Amino acid sequence: GRFKKALGCFDETIKLDPEYPNSYFNKGHALHNLGNYREAIEYFDKTIELEPQHPNVYFSKGSALDGLARYKEAIDCFDKAIELDPEDQNAYVGKGCEFNNLKQYQKAIECFDKAIRVDPQEPNHYFRKGCAFGSLEQYQSAI
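Residues numbered from 1 in each chain as written. Predicted model: local features only at pLDDT ≥ 70, side-chain atom pairs only at ≥ 80, totals over all residues. Heavy atoms only, no water.

## Here we look at the overall build of the protein
Step number 1: Each helix and strand counted, the protein has nine helices and zero strands in total.
Step number 2: What you see in the protein, going N to C, is helices and strands ordered as α-α-α-α-α-α-α-α-α.
Step number 3: The C-alpha extent of the protein, read off along each of the three principal axes, is 55 × 30 × 25 Å.
Step number 4: A buried classification covers 38% of the 143 residues belonging to the protein.
Step number 5: Across the protein, the fraction of contacts at a sequence separation of at least 24, relative to all contacts at a separation of at least 6, is 39%.
Step number 6: Put simply, the protein shows about 8200 Å² of open surface, and 49% of that area lies on carbon and sulfur atoms. (Helix = DSSP H or I, 4+ residues; strand = E, 2+ residues; numbered from the N terminus. Buried < 20%, exposed > 50% of the residue type's maximum accessible area, 1.4 Å probe, protein only. Contact = heavy atoms within 4.5 Å. Areas by Shrake-Rupley, 256 points an atom, 1.4 Å probe, with all protein chains shown as cover.)

## Describing the packing of helix H2 (residues 21-33) against helix H3 (residues 37-50)
Step number 1: Where H2 meets H3, the closest approach of the two axes is 8 Å, and the angle between their N-to-C directions is 160 degrees. Considering their axes alone, H2 and H3 lie roughly antiparallel with respect to each other. Of the two possible hands of crossing, H2 and H3 adopt the one that is left-handed. Where H2 abuts H3, its residues Pro21, Tyr24, Phe25, Lys27, Gly28, His29, Leu31 and His32 lie against Tyr37, Glu39, Ala40, Tyr43, Phe44, Lys46, Thr47 and Leu50.
Step number 2: For the contact of H2 with H3, a count of residues per class yields nine nonpolar, four polar and three charged. (Axes fitted to C-alpha atoms, helices over the stretch in contact; angles between N-to-C directions. Parallel < 35°, antiparallel > 145°, perpendicular 65-115°, else oblique. Left-handed = near helix turned anticlockwise from the far one by under 90°. Nonpolar A, V, L, I, M, F, W, Y, C, P; charged D, E, K, R; others polar.)

## Some points on the pattern of salt bridges
Step number 1: Taken as a whole and assessed by the stated rule, the structure comprises eight salt bridges.
Step number 2: Linking Glu49 and Lys46 is a salt bridge whose minimum nitrogen-to-oxygen distance equals 3.1 Å. With Glu49 and Lys46 both in helix H3 and three residues apart, this pair spans about one turn of that helix.
Step number 3: Assessed through its relative accessible area of 56%, Glu49 is described here as exposed.
Step number 4: When the shortest N-O distance is used, the salt bridge between Glu73 and Arg70 registers 2.8 Å. (Salt bridge = Lys/Arg side-chain N within 4 Å of Asp/Glu carboxyl O.)

What follows is the structure, encoded as structure tokens:
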């Protein structure tokens, strides 16, 4: 219920200031959380139009593209997020997950390794890397 309520607030802020990129970003984020990926992408694109260097929009758009199984496009978005912030571990993980979806497990492992370099204390990075090794049937490396 809270995301649906939020949509009305974001519509109001867009009406008051149609040039404020965070209104579009936040509406896209709410739509994404409601599973409305196509519509979310429209709002992420508007955010990019208004603020091409927005720090989170490319990751969010990549996640929405993932929800539509548009994995190669999602990788492009995660690459742009990494270009803007080379320490964005979530973008490396997102990119790795897309390579997993495409059954390109070695490339996925490389992405998870980059996420591990950014945050070696995050257990999910190792978990995802282990799953990719498992998909390659390299069980010894997965341990």
